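Single-letter residue listing:
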Amino acid sequence: MKDESFKAQLAKAYPLVTLEAEIEKMRAWIRANPEKAKKNWRRFAHSWINHAQKEQEEKRGGATSPEDPRADRAAKLDALTEQVDVS
């Protein structure tokens, strides 16, 4: 997988994150912490961006983007529980 494809996947998975800004923050952190070199940079990037997404969700009161697949699943679950007696 090419880097641009990986970045596109991150952008799609984490719509609330300004990806380029977070990449610059990662670069700055890596430069400031050379003794903490990462062996798996994709995992490092994923974890970093995931954390940034969670921060944005908290700032927005837990709101998710309409493109967020979790929002669609939650709506389907709500519709299902309205039809089924769950008590």
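Structure shown above.
Below: a short report on this structure. (Residues numbered from 1 in each chain as written. Predicted model: local features only at pLDDT ≥ 70, side-chain atom pairs only at ≥ 80, totals over all residues. Heavy atoms only, no water.)

Side note on the layout of surface pockets
Part 1 of the argument: Put simply, the largest pocket is a space of about 280 Å³.
Part 2 of the argument: Lining the largest pocket are 13 residues, and of these K7, I23, M26, R27 and W41 sit closest to its centre. (1 Å grid on protein atoms, 1.4 Å probe; cavity = no way out; pocket = protein on both sides within 12 Å on 5 of 7 lines; lining within 4 Å. Points joined across faces, edges and corners; volume = space filled by probe spheres on them.)

Quick word on the pattern of salt bridges
Part 1 of the argument: Counted by the stated rule, this structure contains four salt bridges.
Part 2 of the argument: Here E4 ties to K7 by a salt bridge, and the two come within 3.7 Å at their closest N and O atoms. With a gap of three residues between them, E4 and K7 both fall in helix α1 (residues 3-13), about one helical turn apart.
Part 3 of the argument: With a shortest N-O distance of 3.0 Å, K25 and E22 are connected by a salt bridge. Taken together, the residues span about one helical turn, with K25 and E22 both in helix α2 (residues 19-32) at a distance of three residues.
Part 4 of the argument: Taking relative accessible area as the criterion, E22 reaches 11% and is therefore assigned buried.
Part 5 of the argument: Several salt bridges converge on common partners, so that one network encompasses E4, K7 and E20. (Salt bridge = Lys/Arg side-chain N within 4 Å of Asp/Glu carboxyl O. Helix = DSSP H or I, 4+ residues; strand = E, 2+ residues; numbered from the N terminus. Buried < 20%, exposed > 50% of the residue type's maximum accessible area, 1.4 Å probe, protein only.)

Overview of the environment of A8
Part 1 of the argument: By the element assignment, A8 lies in helix α1.
Part 2 of the argument: The spatial distance from the C-alpha of A8 to the C-alpha of L19 is 9.5 Å, given a sequence separation of 11 residues.

Topic: the packing of aromatic side chains
Part 1 of the argument: Under the definition given, this model contains three aromatic pairs.
Part 2 of the argument: Where F6 meets W41, the ring centres are 5.5 Å apart and the plane angle is 85°; that geometry is what we call edge-to-face. With F6 in helix α1 and W41 in helix α3 (residues 41-59), this residue pair connects regions lying 35 residues apart in the sequence.
Part 3 of the argument: Assessed through its relative accessible area of 42%, W41 is described here as partly exposed.
Part 4 of the argument: Site record: aromatic cluster; members linked through ring pairs are W29, F44 and W48.
Part 5 of the argument: The side chain of R42 reaches across the aromatic face of F6, ending 4.9 Å from its centre. (Phe/Tyr/Trp six-rings, centres within 6.5 Å; stacked < 30°, edge-to-face > 60°. Lys NZ or Arg CZ within 6 Å of the ring centre and 35° of its normal.)

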